[in-house]
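# What the coordinates show
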Amino acid sequence: MKKRDIKILLVDDEPDILEIVGYNLSSEGYKIVTAENGLEAVKKAKKERPQLIILDVMMPEMDGIEACEQIRKIPDLSETIIAFLTARGEDYSQMAGFDAGADDYITKPIKPKVLVSKVKSLLRRLKDQDRVDEVLTIGNLTINREEYKITIKGKELVLPRKEFELLSLLATKPNKVFKREEILDKVWGNEVVVGGRTIDVHIRKLREKIGDKKFKTIKGVGYKFVD
């Protein structure tokens, strides 16, 4: 996908942030759309269908966490990448962000060039969207990588992007123990910095949706999918 075809939605209640970040990203060739609060962000996301959304956390009308949760419920935006860009660096705030369905959590202040590099890293994932993958079936679970769809016992289940990619990775080799480092590298990318508990949060969500017995924790090593 070419840069001119990539649309980025910037959401922040500070005009200076929108101007600075928007300028740096538009200079790279991306199409930029802006919103000043979470409520407006959800409306703009539905209308514009951006490939990437960069969200602040603390905003009027609706905060970034709730906006992220609302956006993740929209089927047409299931493949949209969401990253928080915020001054809130506390662990619990980052956990809340990933729990809401975010793909990354970036803490302010950040140099414009570094942010642009972060965005490029996140958008590299789009290159796989046109790739046709086989449908993986394990027991009563079917994973359609092309359409980002999960089916369990004939019922379709919509998963956030990162949960889908994590499940897809683990399910490619049932009973194989995937080390945490390998999971971070293949699901989040080695250029994306995420919190150490990110994997744990996503595994917990998958256990709630797929079944606790399908995922086994290997203490101090990683996780495996049990067929």
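What this report covers is the structure whose coordinates are included nearby. (Residues numbered from 1 in each chain as written. Predicted model: local features only at pLDDT ≥ 70, side-chain atom pairs only at ≥ 80, totals over all residues. Heavy atoms only, no water.)

### Structural notes on the pattern of salt bridges
- Per the counting criterion, the structure on display carries 17 salt bridges.
- Here Lys 120 ties to Glu 28 by a salt bridge, and the two come within 3.3 Å at their closest N and O atoms. Of this pair, Lys 120 sits in helix α5 (residues 112–123) while Glu 28 sits in the loop between α1 (15–26) and β2 (31–35), placing them 92 residues apart in sequence.
- When the shortest N-O distance is used, the salt bridge between Arg 49 and Asp 76 registers 2.8 Å. Linking Arg 49 in the loop between α2 (38–48) and β3 (52–55) with Asp 76 in the loop between α3 (64–72) and β4 (81–86), this pair joins segments that are 27 residues apart in sequence.
- Classification of Asp 76 by relative accessible area gives exposed; the value is 52%. (Salt bridge = Lys/Arg side-chain N within 4 Å of Asp/Glu carboxyl O. Helix = DSSP H or I, 4+ residues; strand = E, 2+ residues; numbered from the N terminus. Buried < 20%, exposed > 50% of the residue type's maximum accessible area, 1.4 Å probe, protein only.)

### Thoughts on the sheet that holds strand β8 (residues 149–152)
- Read from one edge to the other, the open sheet built from 4 strands follows the order β6-β7-β8-β9, with strand pairing classed as antiparallel. The outermost strands of the open sheet, each flanked by one partner alone, are β6 (135–138) and β9 (155–157). Adjacent strand axes in the sheet meet at a mean angle of 20 degrees when their direction is disregarded.
- Bridging between strand β7 (residues 141–144) and β8 involves 4 bridges; their strand directions are antiparallel. Its bridge partner being in β8, Ile 143 is matched across the sheet by Ile 150.
- Sheet strands in contact with helix α6 (residues 161–172) are β6, β7 and β8, and its direction is about 115 degrees off that of β7. (Pairing = 2+ DSSP bridges. Axes fitted to C-alpha atoms, helices over the stretch in contact; angles between N-to-C directions. Contact = heavy atoms within 4.5 Å.)

### Topic: the nonpolar core
- If you look at the biggest cluster of nonpolar residues, it comprises 25 residues, and the most contacted ones within it are Ile 143, Ile 150, Leu 167, Leu 170, Ile 183, Phe 215 and Phe 225.
- Of all the elements, α6 adds the most residues to this core, at 6 residues.
- Not counting the four nearest positions on each side in its chain, Phe 215 is found in contact with Leu 167, Leu 170, Ile 203, Leu 206, Arg 207, Ile 210, Lys 224 and Phe 225.
- One finds Val 42, Ile 71, Ala 100 and Ala 102 within the second-largest nonpolar core, a separate group that totals 24 residues. (Core = buried A, V, L, I, M, F, W, Y, C linked by side-chain atoms within 4.5 Å.)

### Remarks on the pairing of strand β5 (residues 104–107)
- As paired strands, β4 and β5 are joined by 4 bridges and run parallel to one another. The partner of Phe 84 across the bridge, within β5, is Tyr 105.
- Where the polypeptide runs from β4 across helix α4 (residues 91–99) and back to β5, its parallel neighbour, the crossover connection is right-handed. (Right-handed = clockwise from strand over helix to strand, strands pointing away.)

### So, the packing of aromatic side chains
- Applying the stated criterion to the full structure yields 3 aromatic pairs.
- In this arrangement the basic side chain of Lys 176 is found over the ring face of Phe 178, its NZ or CZ atom lying 4.4 Å from the centre. (Phe/Tyr/Trp six-rings, centres within 6.5 Å; stacked < 30°, edge-to-face > 60°. Lys NZ or Arg CZ within 6 Å of the ring centre and 35° of its normal.)

### A few points about the sheet that holds β3
- Read from one edge of the open sheet, 5 strands run β2-β1-β3-β4-β5, paired in parallel fashion. Two strands lie at the open edges of the sheet, namely β2 and β5, each paired on one side alone. With strand direction ignored, the average angle separating the axes of adjacent strands in the sheet is 20 degrees.
- Across 4 bridges, strand β1 (residues 7–11) lies against β3 in parallel orientation. For Leu 9, the partnering residue across the bridge sits in β3 and is Ile 53.
- Strands β1, β2, β3 and β4 of the sheet are contacted by α1, whose axis makes an angle of about 165 degrees with β1.

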